[in-house]
Amino acid sequence: MSENIPDAPIDNRPDDVKADLEYGRLTSKDHLFVSKHPIGEPLPTPIDDEPPLVIHLATFVSYLILILIGHIRDFFGKVFKPEDYADLVEKDGYAPWYDGFENFYVRRLKLRIDDCFARPVHGAPGRYIKCFERERKGKSYSYTGESRECLNLSSYNYLGFAQSKGVCTDYATNILEKYGSSSCGPRNAIGTTDLHRECELVIAEFVGKEDAIVVSQGYGTNASLFASLVDSSCLVISDSLNHASIRFGIRISGAVVKVFEHNDMADLEKLIRTQIAQGQPRTHRPWKKIIIAVEGLYSMEGNMVNLPRVIELKNKYKCYLFVDEAHSIGALGPHGRGVCDYFSVSPSQVDILMGTLTKSFGATGGYIAADKWIIDKMRLTYFNSTFGEGVPPPVLGQIISSLQVINGTLHPGEGEERLKRIAFNSRYLRLGLKKLGFIVYGADDSPVIPLLLYLPAKMPALSRLLYNEKIAVVVVGYPATPIATARARLCVSSALTKEDLDYVLEKFSEVGDLLHLKYSSGIAGGSREPGVAPRMSVKEVIDTNVEDSKLPRLF
């Protein structure tokens with residue numbers, strides 16, 4: 001690997017060795033970069049490279065074969081092994097638990113490669129992650145009691161704060177000793193502790209809003225948000241690739257929802273104009289409220305919202321704007337303050353900012369930040385304020401301390417280095433993979449790097465081969481992605497070193513050659529001659545990648 005891991009048991013290693021396994025040391029000041037979009041320049045439209053036509057055909061044929069064989073097995077299985085299909089057939093007059101067709105994908109594909117989708121892990125998900133070793137026996141697993149340490153490209157630990165030692169851990173420990181593990185302590189009029197209010201004010205100041213609400217669950221932050229903001233006389237215009245929590249929240253709110261093509265600003269403007277002209281269904285009265293709902297960074301595609309253009313349309317047509325910064329807060333911008341910071345846009349231009357605290361900050365839960373009058377109303381109508389449990393004090397301590405490290409209040413300079421490291425790591429790994437000939441989606445500065453696999457058989461093959469090389473990655477397929485674009489989703493962290501990424505590039509190149517995954521035509525970057533497929537060796541990539549990664553626009 002990039003450096004030798006001691007053979008001693010994990011718990012018996014020296015503290016400095018364990019610390020390096022959770023957060024690698026910076027080896028050169030050259031491995032730093034500032035993530036920021038040039039002011040005034042339009043956001044370039046990502047060019048999605050396409051593989052040869054035969055790859056698309058092979059992908060659909062693979063799924064066709066899978067479906068045919070699966071249905072044949074189902075037909076004969078219900079005849080000869082009815083006990084294995086008891087939950088799919090009617091019994092004693094009762095309907096089946098599951099519909100065979102709806103449950104087909106889970107049974108015939110996911111369960112067969114579940115070792116890739118559901119590897120149990122333990123310990124701090126830092127630079128390395130520890131995976132429990134297990135052996136499959138039929139439909140179940142037996143555990144050997146051993147663990148394998150893998151280079152971690154699978155966690156949303158963007159800034160490396162998910163450590164078992166360090167300033168944030170010490171701060172959270174002190175909070176635990178003072179407050180205990182549950183939401184107790186002095187309470188104010190709205191039912192939260194003084195620590196909750198401190199955390200909310202720290203978040204609000206960090207993102208540039210007047211006030212904020214902290215929620216104990218990230219998914220639940222969105223799932224119950226829209227019900228407190230809109231009703232059936234309101235319209236929500238949603239990006240087609242918005243997260244399921246946003247879609248669920250809009251659905252239970254009762255508001256009318258219209259969807260525009262992902263990041264297509266022309267389609268968004270056309271939809272806004274049409275809906276303003278038509279008004280509410282049946283009555284055609286003007287909409288009471290129109291909210292545009294987008295994400296800052298899309299976690300499956302790795303690209304960013306065209307925020308300056310969305311704000312322009314929002315102001316032009318007098319709409320409200322909601323931005324989900326689950327993946328962008330802490331990971332983007334010169335100060336780590338998300339897409340507003342990245343595009344040098346004032347947060348006052350965004351009406352509601354939502355973010356999760358599970359990713360860049362190493363904690364749990366989420367937040368809503370907005371003007372004080374909006375937050376005051378939500379404290380009365382927000383489901384999470386009424387029915388949700390409070391965030392435990394140690395978690396609040398983790399949130400407060402990580403934000404203070406980022407803004408320089410605690411350990412001045414450390415937060416700045418973490419931000420510059422993830423910016424460099426994101427660009428370095430993305431460009432390196434492109435130079436090797438892989439098709440990679442997303443923006444240059446995105447810490448989420450989707451690497452396209454296409455064929456379903458490539459998902460378990462890539463995952464298992466990399467696991468054997470002690471690299472942990474996430475593979476994603478249908479229904480989380482379109483059926484023809486299965487992918488490996490690499491999550492970059494500031495905890496990784498440049499040497500770690502060189503090792504990743506080396507092993508990806510080997511596996512890519514073995515599995516024939518280098519489909520790139522060069523039109524989306526990676527080649528110095530546009531439209532020419534990259535033909536660089538790993539050594540050539542490593543020799544040129546540091547300087548090339550710092551170019552304003554990656555070639």
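Relevant structure appears above.
In this text, all values refer to a predicted model and were calculated from it rather than measured experimentally.

A. Summary view of the side chain of Asp-502. Note that Asp-502 resides in helix α17 (residues 498-515). A relative accessible area of 11% places Asp-502 in the buried class. One polar contact links Asp-502 to Tyr-428, side chain to side chain, over a distance of 2.4 Å. Not counting residues up to four positions away in its chain, the partners in contact with Asp-502 are Tyr-428 and Ile-542.

B. Local environment of a positive patch on the surface. A contiguous patch of positive charge on the surface is contributed by Arg-73, Lys-81, Arg-112, Arg-136 and Lys-139. For Arg-112, the location among the structural elements is in the loop between α3 (104-110) and α4 (114-117). On the basis of relative accessibility, which here comes to 42%, the residue Arg-112 falls in the partly exposed class.

C. The pattern of salt bridges, seen in detail. Summed over all chains, the structure comprises 28 salt bridges. A salt bridge links Asp-114 to Lys-110, with the nearest nitrogen and oxygen atoms 2.8 Å apart. One salt bridge connects Asp-376 with Lys-372, and the closest N-O pair in it is separated by 3.1 Å. Within this pair, Asp-376 and its partner Lys-372 are both found in helix α12 (residues 372-381), separated by four residues, close to a single helical turn. Look at Asp-376 and you get partly exposed, because its relative accessible area is 32%. Judged by its relative accessible area of 41%, Lys-372 falls in the partly exposed class. Connected through shared salt-bridge partners, Arg-197, Glu-200, Asp-211 and Arg-379 make up one network.

D. Seen up close, the sheet that holds strand β10 (residues 366-370). Strand order in the open sheet formed by seven strands is β4-β10-β9-β8-β7-β5-β6, and the pairing between neighbours is mixed. Two strands close off the open sheet at either side, each with one partner strand: β4 (211-215) and β6 (256-260). For this sheet, the mean inter-axis angle between neighbouring strands, taken without regard to orientation, is 20 degrees. Bridging between strand β5 (residues 234-239) and strand β7 (residues 289-295) involves five bridges; their strand directions are parallel. Its bridge partner lying in β7, Ile-237 is registered against Ile-292. Here helix α6 (residues 194-207) sits on the sheet and contacts β4, β9 (352-356) and β10; the angle it forms with β4, its principal contact strand, is near 125 degrees.

Parameters and conventions
Along each chain, the written sequence defines residue order, and numbers are assigned to residues from 1. Only residues with pLDDT of 70 or above have their local features reported here, since the model is predicted, and side-chain atom pairs are shown and tallied only from 80 upward, although totals for entire chains, interfaces and linings are computed over all residues. The basis for every side-chain value is the complete set of heavy atoms in the structure, and neither hydrogens nor water enter the calculation. What counts as a helix is a DSSP run of H or I of at least four residues, what counts as a strand is a run of E of at least two, and both are numbered from the N terminus. Throughout this description, buried means an accessible area under 20% of the type-specific maximum (1.4 Å probe, protein chains only), exposed means over 50%, and partly exposed covers the range between. The term polar contact refers here to a pair of N or O atoms within 3.5 Å; inside protein, the definition further demands a hydrogen-donor-capable atom paired with an acceptor-capable atom, and it admits residues adjacent in sequence only when both atoms are side-chain atoms. Residue contacts are counted whenever heavy atoms from the two residues lie within 4.5 Å of one another. Think of a patch as exposed residues, more than 30% relative accessible area, with no salt bridge, where like charges cluster within 9 Å and nonpolar side chains (Val, Leu, Ile, Met, Phe, Trp, Tyr) cluster within 5 Å. What sets the accessible areas is the Shrake-Rupley method with a 1.4 Å probe; for residues, cover comes only from the shown protein chains. Take a side-chain nitrogen of Lys or Arg and a carboxyl oxygen of Asp or Glu: if they are within 4 Å of each other, that pair is a salt bridge. In this tally Asp and Glu are treated as negative and Lys and Arg as positive; neither His nor the chain ends contributes. The atom standing in for a charge is NZ when the residue is Lys, CZ when it is Arg, CG when it is Asp and CD when it is Glu. Following DSSP output, two strands are said to pair if at least two bridges run between them. In this analysis, axes come from line fits to C-alpha atoms, helices being fitted only over the stretch in contact, and the angle between any two N-to-C directions falls in the range 0 to 180 degrees.

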